[in-house]
Amino acid sequence: MSKTVSIRGAVTANNSAGEIAQAVTKLVDRIYFKNGITDSEVVNIMLSVSGDLTSFSPARALREAGHNVPLMSCVEPNVDGSLANCIRVMVTAQSEHPISHVYLGGARALRTDITANYAIALDGPSGAGKSTVAKIVAKKLGITYLDTGALYRALGLKCLNEGVSPSDSATVKNCLENVSVDIVYTDGIQRVMLDGEDVSGKIRTPEVSMAASAVSAIPYVREKLLGIQRDIAKSNSVILDGRDIGTVVLPSAEFKFFLTASAEIRAKRRFDELIEKGNKVVYEDIYNDVITRDHNDSTRAVAPLKCAYDAEEIVSDNMTAEEVADKIISDVAEVVGL
Ligand code: DC
């Protein structure tokens, strides 16, 4: 159900017509994208500029960029301590989504309550290259990486260890009632602890993959792992990779990407990875596992794998992990102003 909302945003620009036009257009485009709206849902856009931005009217810039909505801009009174070279906006719109305010670059200083830490949600099917990409992004941006699949894998392993069928929700619940699963970082590398044991190596087998996919469909399991994922995102800038990060775990993540690739390419990548680690595997088995896991992950009733309305889809068939990471980093840099 849609309701009328007011979305705030701000950006800084130098006092030239071109820069003002570019900055305000970028700001409004991002507000539209993050809030899942277009001109059709907008009631009006009000803009104000600090007194030093005299070269151009931001309302005129939006009109010239093709926005066909009621627009108004005005100059703010000069108040001691106010941010220089600043354009502020309020978009009033009909929206069915939670509000996402947008503060870009230098203007992020205005709202450190919402801009101090940022989160990047990286979702997508198995084998799309999420973890490789997330590791590169985390390293280059100097932020924390959490591979959430490792948590489901650890619980899948626990079921296998205990001889419990990972798809039998009642027995799985019993088996996992008192389990302890934890994430620790040693030299920036994530380790997964299961009942105090480091299982980071043991969770990477095809058997554990299938068990993880099965236990991840159980609501009790998803609920159990929610807190640990959110806690890590609370006090750090983070990148989390998974299936439901942008939709369930961190729905208000500032950056969301949905990374995908064809099933053949994903199976080939997983196959190469396992062979490199010395596993004896057959490509057809890996391909069939990919298809089965895609089906399980996207058709389960709770938190199914799907692209969030405010996520950018990246198809990586013809891209290297570095290229995908560079794309994500440049998107983040545009907003954060790195
Ligand atoms: O990303 P991965 O292959 O390590 O994930 C293992 C399984 O865990 C996967 O089949 C689906 C599940 N999973 C999930 O349901 N939600 C997440 N956020 C991460 C993984």
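Keep in mind that what you see is a predicted model, and the values were worked out from it rather than measured.

As a structural note, the neighbourhood of the ligand is formed by 15 residues, with Arg 153, Arg 222, Arg 243, Arg 293 and Arg 300 the closest of them. With respect to the ligand, the side chain of Arg 270 contributes an N or O atom lying 3.3 Å from an oxygen atom. Asp 297 is positioned such that a nitrogen or oxygen atom in its side chain is 3.1 Å from an oxygen atom of the ligand. When the free accessible area of the ligand is taken as 450 Å², the share hidden by the protein chains comes to 97%. Elements represented by at least two residues in the shell around the ligand include exactly α5 (149–161), α7 (206–215) and α11 (283–299). At three residues, the largest contribution of residues to the shell around the ligand is made by α5. Class assignment of the residues belonging to the shell around the ligand gives a composition of two nonpolar, five polar and eight charged.

Turning to the pattern of salt bridges, a few remarks are in order. When their charged atoms lie close together, side chains carrying opposite charge are able to pair. For the structure on display, the rule yields 24 salt bridges. Of the charged contacts in the structure, one is a salt bridge between Asp 147 and Arg 204, with a shortest N-O distance of 2.8 Å. Of this pair, Asp 147 sits in strand β7 (residues 144–147) while Arg 204 sits in the loop between β10 (197–198) and α7, placing them 57 residues apart in sequence. For Arg 204, a relative accessible area of 28% gives the class partly exposed. Taking the shortest distance from any N to any O, the salt bridge between Lys 277 and Glu 273 comes out at 3.8 Å. Owing to a relative accessible area of 53%, Lys 277 belongs among the exposed residues under this scheme.

So, about the side chain of Ser 200. Assignment of secondary structure puts Ser 200 in the loop between β10 and α7. Polar contacts involving the side chain of Ser 200 include one to the main-chain amide nitrogen of Val 192, which spans 3.0 Å. Within the local environment of Ser 200, its side chain forms a polar contact with the side chain of Asp 198, the two groups lying 2.5 Å apart.

Below, the discussion takes up the sheet that holds strand β9 (residues 189–194). Two orientations exist for strands paired in a sheet by backbone hydrogen bonds: parallel and antiparallel. With antiparallel pairing, the three strands of this open sheet are ordered in space as β8-β9-β10. Each having just a single partner strand, β8 (181–186) and β10 make up the two edges of the open sheet. Bridge count for β9 against β10 is two bridges, and the pairing is antiparallel. Its bridge partner lying in β10, Met 193 is registered against Asp 198.

Now for the sheet that holds strand β13 (residues 312–315). One open sheet holds the five strands; their spatial order is β7-β11-β6-β12-β13, and the pairing between them is parallel. Of all strands in the sheet, those with a lone pairing partner are β7 and β13, marking the two edges. Taking each pair of neighbouring strands and ignoring which way they run, the sheet shows an average axis angle of 20 degrees. Of the strand pairs in this sheet, strand β12 (residues 255–260) and β13 are connected by four bridges, and their pairing is parallel. Looking at the pairing, Leu 259 lines up with Ile 314 of β13. Against the sheet, helix α4 (residues 130–141) engages β6 (119–123), β7, β11 (238–242) and β12, with an angle of about 180 degrees to β11. Its contacts with the sheet put helix α12 (residues 321–336) on β6, β12 and β13, and the angle it makes with β12 is roughly 165 degrees.

Definitions and cut-offs
- Residues numbered from 1 in each chain as written.
- Predicted model: local features only at pLDDT ≥ 70, side-chain atom pairs only at ≥ 80, totals over all residues.
- Heavy atoms only, no water.
- Near = heavy atom within 4 Å.
- Polar contact = N/O pair within 3.5 Å; in protein donor to acceptor, adjacent residues only side chain to side chain.
- Areas by Shrake-Rupley, 256 points an atom, 1.4 Å probe, with all protein chains shown as cover.
- Helix = DSSP H or I, 4+ residues; strand = E, 2+ residues; numbered from the N terminus.
- Nonpolar A, V, L, I, M, F, W, Y, C, P; charged D, E, K, R; others polar.
- Salt bridge = Lys/Arg side-chain N within 4 Å of Asp/Glu carboxyl O.
- Buried < 20%, exposed > 50% of the residue type's maximum accessible area, 1.4 Å probe, protein only.
- Pairing = 2+ DSSP bridges.
- Axes fitted to C-alpha atoms, helices over the stretch in contact; angles between N-to-C directions.
- Contact = heavy atoms within 4.5 Å.

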